[in-house]
Amino acid sequence: MAGTLRGILDAAARGVFPPPDGGTTVVPQHAHRDAGVIAFTAHSVVFTDEGEPWVRETLAGVDCDPLAATMNPRFLAAFMERTGRTTDTIDLLTVAAPLSGPPPLRLTELDDPGHPRVARARERRDDVRVWAADGGVLVLGRGVAGRLEAAIEVAEGVRHRGLGRALAVAARHLSGGGPVWAQQAAGNARSVRAFQAAGFRPVGAEALLIAREGGSDSLASGAGGRPGRRSF
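The notes below deal with the structure included here.

So, how was this worked out
Residue numbers here run from 1 along each chain, matching the order of that chain's written sequence. Given that this is a predicted model, residues contribute local features only at a pLDDT of at least 70 and side-chain atom pairs are listed and counted only at 80 or more, while totals for whole chains, interfaces and linings are drawn from all residues. In computing side-chain properties, one takes all heavy atoms of the structure into account and sets aside hydrogens as well as water. A helix here means a DSSP run of H or I that spans at least four residues, while a strand means a run of E at least two residues long, and both kinds are numbered starting from the N terminus. Accessibility here uses a 1.4 Å probe with only protein chains present; expressed as a share of the type maximum, an area under 20% marks a residue as buried, one over 50% as exposed, and anything in between as partly exposed. Lines are fitted to the C-alpha atoms to define the axes, a helix being fitted only along its stretch in contact, and any angle between axes, read from their N-to-C directions, falls within 0 to 180 degrees. Handedness of a crossing is defined here by the sense of rotation of the near helix relative to the far one, left-handed for an anticlockwise turn of less than a right angle and right-handed for a clockwise turn. Contact between two residues is taken to exist if any of their heavy atoms lie within 4.5 Å; hydrogens are not considered. In this count, Pro and Cys sit with the nonpolar residues alongside Ala, Val, Leu, Ile, Met, Phe, Trp and Tyr, while Asp, Glu, Lys and Arg are called charged and the others, Gly among them, polar.

## Comments concerning unusual backbone geometry
Here's step 1: Not every positive phi belongs to a glycine, and Ala42 is a case in point at roughly 55°.
Here's step 2: One can find Ala42 in the loop between β2 (34-40) and β3 (43-47).
Here's step 3: For Ala42, a relative accessible area of 27% gives the class partly exposed.
Here's step 4: Look at Asp127: it is not a glycine, yet its phi comes out positive at around 50°.
Here's step 5: By the element assignment, Asp127 lies in strand β7 (residues 126-133).
Here's step 6: Here Asp127 falls in the exposed class, since its relative accessible area comes to 65%.

Pasting the structure below:
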């Protein structure tokens, strides 16, 4: 598993990272839906079904610090053009260990498949479950390489009360005994603070390239959301 995307992610969740040697590892996609780049400290992982020679040749042609080449806009643009995919933003990738016991706040699971949060999350995740709190929403689902991913949303009227942090902590209680991942857009400082306050630790940066037929709406990155609500 160490040479697969899932193996690399499982190791990172345990605190074991690729060597900080300035290198780039190229691995196949876990599924058609997701391709992209994860940049760890001084080592990047490109997950794609494109040939490794194309990846390395394209990286070599990017005029920048080699350590930054995989996240350089020129490489990402070439990657998208090559694969016919799109992306929203470069996210901070974080992970947290599970917590035992019930969540620290009252949650109601939503089983309506027509709920807008369910419909949007299903574009990017499998096995999606959604819980509502007073003024907030928590989403859990299987995303990149089958990892469990959390996303939260807090209404503007109840900000600055710790609800975002409480929802992120709840995700750890509801993770089923495994690690839970979350992505935050680098500029979404509220989201970064909420997840880190809930015990999520940064492991790298991620640029996720989505097949166009999967849609472009992002929940986890905090780039959108319904009017009057703050997405995390």
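## Comments concerning the packing of helix α2 (residues 52-60) against helix α3 (residues 73-83)
Here's step 1: Between α2 and α3, the least distance of the axes is 10 Å, while the angle of their chain directions is 145°. Relative to α3, α2 is oriented so that their crossing is right-handed. Where α2 approaches α3, its residues Trp54, Val55, Thr58 and Leu59 are matched on the opposing element by Phe75, Ala78, Phe79 and Arg82.
Here's step 2: Residues belonging to the contact of α2 with α3 are distributed by class as follows: six nonpolar, one polar and one charged.

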